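Given next are the chains, with one letter for each unit.
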Amino acid sequence: MISALKSLTRRPATDPANEEIVRRCAENELLKAVIEAVPVAVAVYDRDDRLVQYNTAYVGFYKDVLPHLKQPVFYSDLVRRNLQHVGFKGDLEAEVAKRVALQREGDGKPVERTYADGSCRLISKSRIVGGAIAGFAQDITALKLREAQLDASKAELALIATTIVPNAVAEFGGVAQELAGAGDKGRELVGKSSEQAVAT
């Protein structure tokens with residue numbers, strides 16, 4: 001971009017090449033604005049895994065790491081530094097190699113990744129023109145927490161359905177049998193109890 005601007009200043013204003021440079025600069029600024037407007041983290045890495053475009057949301061995901069990396073930022077360096085930052089336990093270089101290989105696939109399949117701080121992100125990476133990779137990440141921590149709460153509620157309802165309700169039915173049945181054994185008066189009371197149960 002800087003070299004294009006320098007070239008622009010050395011050419012006559014009417015030079016058609018100037019118009020092309022201006023057009024490309026405008027397109028580049030438009031692309032930056034679009035990436036920034038996307039409500040999820042966006043990053044573009046070139047074919048050599050160098051970070052070439054990203055938005056504020058992406059910086060937010062790596063705010064404790066990204067500012068400390070030398071330029072140009074390589075994906076492997078970012079992954080390595082971030083894993084160290086979160087206290088990754090295991091073979092660091094093997095994990096870095098695995099993540100780099102996954103990025104290079106760029107198959108677009110969404111992957112859920114849970115981090116040491118408990119946050120969860122939905123990540124997808126797609127190969128684009130020139131062998132570059134466009135990555136998208138969305139924080140889905142709140143969604144996963146709601147899912148966990150829903151699962152806990154379902155488990156609680158299942159427990160009620162399998163223990164409390166059958167016990168109540170069995171208890172009611174036992175009382176009914178006792179009353180039935182008490183003769184006509186007991187059968188009359190059982191009938192009233194059944195009618196009341198149906199009414200409720």
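Below: a short report on this structure. (Residues numbered from 1 in each chain as written. Predicted model: local features only at pLDDT ≥ 70, side-chain atom pairs only at ≥ 80, totals over all residues. Heavy atoms only, no water.)

Thoughts on unusual backbone geometry
Geometrically, the link from Gln71 to Pro72 is a cis peptide bond, its omega value of -10 degrees lying close to zero. As for its placement among the helices and strands, Pro72 is situated in the loop between helix 3 (56–61) and helix 4 (75–85). A positive phi angle is found at Asp49, which is not glycine, with a value near 65 degrees. Locating Asp49 in the fold gives a position in the loop between strand 1 (41–45) and strand 2 (51–54). (Helix = DSSP H or I, 4+ residues; strand = E, 2+ residues; numbered from the N terminus.)

Side note on helix 4
Within helix 4, burial applies to Tyr75, Leu78, Val79, Asn82 and Leu83. Seen end-on, helix 4 carries its buried residues on one side only, within an arc spanning 125 degrees. At its buried positions, helix 4 is contacted by strand 1, helix 3, helix 5 (92–105) and strand 4 (120–127). (Buried < 20%, exposed > 50% of the residue type's maximum accessible area, 1.4 Å probe, protein only. Arc of directions from axis to C-beta. Contact = heavy atoms within 4.5 Å.)

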